[in-house]
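Listed below are the residues making up each chain.
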Amino acid sequence: MLPDLDTIIENFEILDDPMDRYEYVIELGKLMPKMPEAAKIEDNRVSGCESQVWIDVSLKDDAGHPALKLEGDSDSHIVKGFVALMVALYEGKTPDEAIEADGFDLLKRLAFGSHITSKRSNGVRAMVDRIRKDAGRLRTLN
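Report follows, based on the coordinates. Model, not experiment: these values are computed from the prediction.

Before going further, it helps to spend a moment on the packing of helix α3 (residues 77-90) against helix α6 (residues 118-141). Contact geometry for α3 and α6: axes closest at 11 Å, N-to-C directions at 35 degrees. When you trace α3 past α6, the crossing you get is right-handed. The segment α3 lies against α6, with Ile78, Val79, Phe82, Val83, Met86 and Tyr90 engaging Arg120, Val124, Met127, Val128, Ile131 and Arg132. Its residues placed into classes, the contact of α3 with α6 shows 10 nonpolar, no polar and two charged.

Pasting the structure below:
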């Protein structure tokens, strides 16, 4: 089971070595629930990522309030870990909160700024844009 965002941040704070951080990101990807194959459709594919990435954003009821539910996967272990970080950040947020949250800023906060390739950085930005777009669409449905 994927830890909550606060636990993930705490764990990153004790990891100084960039390779240890990448290994932890890969481990987070392995902890994510398996995305059903039926959800790996073109509508859920994130364009702009070098690897294959799928993110399905839907609404769930959280004590009478709408909250985002995310499922995701990638054909790359490291990218699946970045998907896990986005799930940890956005899962359970209202659509309005998700639109305001910045997943790319989370990577900077976790000190990935200088250790992430520009292609991966663009991929994370594409994931963030996609989640925000879906949150905006879901906001209008609710």
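The subject of this paragraph is the packing of aromatic side chains. Counted by the stated rule, this structure contains one aromatic pair. Where phenylalanine 12 meets tyrosine 24, the ring centres are 5.2 Å apart and the plane angle is 70 degrees; that geometry is what we call edge-to-face. Note that phenylalanine 12 is positioned in helix α1 (residues 5-13) and tyrosine 24 in helix α2 (residues 18-31), a separation of 12 residues in sequence. When the ring centre of phenylalanine 104 is taken as origin, the NZ or CZ atom of arginine 125, which lies over that ring, is 4.0 Å away.

Looking now at the pattern of salt bridges. One pass over the structure, following the stated rule, counts 10 salt bridges. The shortest N-O distance in the salt bridge between lysine 40 and aspartate 73 comes to 2.6 Å. Linking lysine 40 in the loop between α2 and β1 (53-62) with aspartate 73 in strand β2 (residues 65-74), this pair joins segments that are 33 residues apart in sequence. Classification of aspartate 73 as buried rests on a relative accessible area of 6%.

On the secondary structure map, glycine 48 appears in the loop between α2 and β1. With 78 residues separating them in the primary sequence, glycine 48 and alanine 126 have C-alpha atoms 5.7 Å apart. Leaving out residues up to four positions away in the same chain, glycine 48 has contacts with Asn122, Gly123 and Ala126.

Our focus in this paragraph is the nonpolar core. Of all hydrophobic cores here, the largest spans 44 residues; its most connected members are Phe82, Leu85 and Met127. Elements with a minimum of two residues in this core: α1, α2, β1, β2, α3, α5 (103-109) and α6. Not counting residues within four places of it along the chain, the set of residues in contact with methionine 127 comprises Val46, Cys49, Val53, Ile55, Val79, Phe82, Val83 and Met86.

Glancing now at α6. With 24 residues, α6 should reach 34 Å at 1.5 Å per residue; the first-to-last C-alpha distance of 35 Å fits that figure. Within α6 the residues assigned to the buried category are Ser121, Gly123, Val124, Ala126, Met127, Val128, Arg130, Ile131, Asp134, Ala135, Gly136 and Leu138. In this fold, the buried residues of α6 make contact with β1, β2, α3, α4 (95-100) and α5.

The rules behind these values
Residues numbered from 1 in each chain as written. Predicted model: local features only at pLDDT ≥ 70, side-chain atom pairs only at ≥ 80, totals over all residues. Heavy atoms only, no water. Axes fitted to C-alpha atoms, helices over the stretch in contact; angles between N-to-C directions. Helix = DSSP H or I, 4+ residues; strand = E, 2+ residues; numbered from the N terminus. Left-handed = near helix turned anticlockwise from the far one by under 90°. Contact = heavy atoms within 4.5 Å. Nonpolar A, V, L, I, M, F, W, Y, C, P; charged D, E, K, R; others polar. Phe/Tyr/Trp six-rings, centres within 6.5 Å; stacked < 30°, edge-to-face > 60°. Lys NZ or Arg CZ within 6 Å of the ring centre and 35° of its normal. Salt bridge = Lys/Arg side-chain N within 4 Å of Asp/Glu carboxyl O. Buried < 20%, exposed > 50% of the residue type's maximum accessible area, 1.4 Å probe, protein only. Core = buried A, V, L, I, M, F, W, Y, C linked by side-chain atoms within 4.5 Å. Expected span 1.5 Å × (residues − 1).

Geometric descriptors of this kind do not, in isolation, establish any biological role.
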